[in-house]
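Fold and geometry: a report
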Amino acid sequence: MKNLSLIQLLEQVKSRNPHEIEFHHAVEEVLNSLEPLFEVEPKWLKSGILERIVEPERLIHFRVSWVDDGGVVRVNRGFRVQFNSALGPYKGGLRFHPSVRPSIIKFLGFEQCFKNALTGLPMGGGKGGSDFDPKGKSDGEIMRFCQAFMSELYRHIGSDIDVPAGDMGVGAREIGYLYGMYKKLSNVHAQGVLTGKSVNFGGSLVRTQATGYGLVYFVQNMLKDKNEDFKGKRVIVSGSGNVSIYAIEKAQELGALVVACSDSNGTIVDENGLDLALIKEIKEVKRERIQRYCNVHPNAIYHPDPKALYDVRCDIALPCATQGEIQIEQAQSLYDNGCRFVAEGANMPSSLKAIQFFLDQGVYFGPAKAANAGGVATSGLEMSQNSLRLAWAFEEVDQRLHGIMDQIYAQAKQTAIVYKDPDNLVMGSNIASFKRLAEAMLAQGVL
Ligand code: NDP
Ligand code: 2IT
């Protein structure tokens, strides 16, 4: 970065938010790629737009007390960041994971503002969660925790205020418990208050598949630009959760050979192509470790290291697990093993150095804000259906999702071309989303 005001702003963000390295990373990536915009259109540096955009409108931090199966009182921390409401009600997921702290919630909330802007739907940016660890908890414990969490959160959310959804550790089961408690406390069946609900009470078809399918639709666009497609491509996918499973499903449907995936304990490699029905049974139904895959398929290899995934030979890598999984070592290893396309299903899986490496080496790179926006876009479609009191068919939602992903790709690509770095989709998506968000903020005055 050369622009003095951008350098000063980044320093200010770092000193105001000490030790919050994930948040610093997210801000640095955006400021860095906005530089070419400010060179030609310095008007965007006015009205304190940038100073306001890096500061959340509100950060709520609360105690969550609950009782475990042994009768012991447990205390966790709950958070909700309401980052930016210029484009619509705050919108973004809830994460239950022991690593959750303000830096994680703020980086996710900051990214969400730009991601939601790219979808073209009327959604502001927010994010929340808890340091609660769902691993090893009984169903009763999960329910009591969700109820305790909602007993504070409910006063801060609403269909026209703030609409949470799932993220790591929060799927349809948790959203069901959260929704039930919201309904009981508010005495209102306001279905638009949460997305990712079961289809029985206002959920949308395709929401479960949306982030993974959307990611693959985005990569289809990347491949098409290089006159290629998924057929016969070797693909690796990190994680084996919601995003990973449906990315694998759609990639396989399009003819790819998906050879490896992982969980937080290790990596499985199956040269015959992954058995997705088995992965769904292990991870979605039984909630067990991915290592069990090898009990059924002894030909598959298990490495007790999640990072071993990035040493597997592939054409396309889809990081779909968590932040920071691709450091420069993993980026180098992917490149050395023939990988030419990387697209982020997870939020911020690649370090700034890894991203720069991909851009420098000509590895075509799809950044998270654009590539994984299918989940929140389909949440937006769930909100529309709730407002209409209608439920669209699977094919209709899927087609809309596909159309939104194509349009996100087109915006990122065209913007990258205008700012003279045509394969830099990081810059393209950051500039395109910033303009939409900043325009709305300018129109609404200084708030
Ligand atoms: P899930 O909780 O369903 O799954 C997370 C998966 O990642 C699990 O398989 C988990 O393994 C694995 N994992 C966690 N840490 C590591 C690690 N260090 N190395 C390898 N694997 C790891 O979460 P989601 O699929 O919903 O979310 C995954 C990512 O996608 C997150 O970054 C999230 O923010 C992002 N995202 C999610 C969206 C959604 O709609 N759900 C939308 C857009 C982005 P284990 O079982 O061992 O915990
Ligand atoms: O990171 C994300 O975009 C999500 N976890 C989905 C958020 C949503 O509101 O559906």
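Keep in mind the model is a prediction, meaning the values are calculated, not measured.

**Concerning the sheet that holds strand β4 (residues 125-130)**
Strands sit in the order β1-β2-β4-β3-β5 across an open sheet of 5 strands; the sheet is mixed. Either end of the sheet is taken by a strand with one partner, and the two such strands are β1 (58-67) and β5 (162-166). Here the average twist between neighbouring strands, direction ignored, is 20°. Packed on one face of the sheet, helix α5 (residues 139-153) meets β1, β2 (73-84), β3 (90-96), β4 and β5 and runs near 140° to β1.

**Let's talk about helix α6 (residues 172-186)**
Note: α-helices contain 3.6 residues per turn, so residues at a spacing of three or four share the same orientation. Compared with an ideal rise of 1.5 Å per residue, which puts 15 residues at 21 Å, α6 spans 21 Å between its outermost C-alpha atoms and is within 8% of the ideal. Residues of α6 that are buried sit in contact with β3, α5 and β5. Trailing α6 by a residue or two, Asn187 shows a phi angle of about 65°, which is positive.

**Looking at unusual backbone geometry**
A positive phi angle is found at Arg389, which is not glycine, with a value near 55°. Examined against the element boundaries, Arg389 turns out to sit in the loop between α14 (374-388) and α15 (394-418).

**Notes on the nonpolar core**
Of all hydrophobic cores here, the largest spans 58 residues; its most connected members are Phe218, Met222, Phe230 and Leu318. Among the elements that take part in this core, helix α7 (residues 207-225) stands out by supplying 9 residues, more than any other. Beyond its immediate sequence surroundings of up to four residues, Phe218 is in contact with Gly366, Ala370, Ala371, Met405, Ile408, Tyr409 and Leu425. Counting residues in each nonpolar core, the second largest holds 40 residues, with Leu10, Val27, Val54 and Leu108 among its members.

**Considerations on the site of ligand 2**
Taken together, the neighbourhood of ligand 2 is formed by 14 residues, with Lys91, Lys115, Lys127, Asp167 and Ser379 sitting nearest. Contact distances for ligand 2 include 3.0 Å between an oxygen atom and a side-chain N or O atom of Lys127. Considering ligand 2 on its own, with 300 Å² of exposed area, one finds that the protein chains cover 94% of that surface. Taken together, the elements giving at least two residues each to the shell around ligand 2 come down to β3, α4 (102-119), β5 and α14.

Conventions adopted
- Residues numbered from 1 in each chain as written.
- Chains lettered and ligands numbered in written order.
- Predicted model: local features only at pLDDT ≥ 70, side-chain atom pairs only at ≥ 80, totals over all residues.
- Heavy atoms only, no water.
- Pairing = 2+ DSSP bridges.
- Helix = DSSP H or I, 4+ residues; strand = E, 2+ residues; numbered from the N terminus.
- Axes fitted to C-alpha atoms, helices over the stretch in contact; angles between N-to-C directions.
- Contact = heavy atoms within 4.5 Å.
- Expected span 1.5 Å × (residues − 1).
- Core = buried A, V, L, I, M, F, W, Y, C linked by side-chain atoms within 4.5 Å.
- Buried < 20%, exposed > 50% of the residue type's maximum accessible area, 1.4 Å probe, protein only.
- Near = heavy atom within 4 Å.
- Polar contact = N/O pair within 3.5 Å; in protein donor to acceptor, adjacent residues only side chain to side chain.
- Areas by Shrake-Rupley, 256 points an atom, 1.4 Å probe, with all protein chains shown as cover.

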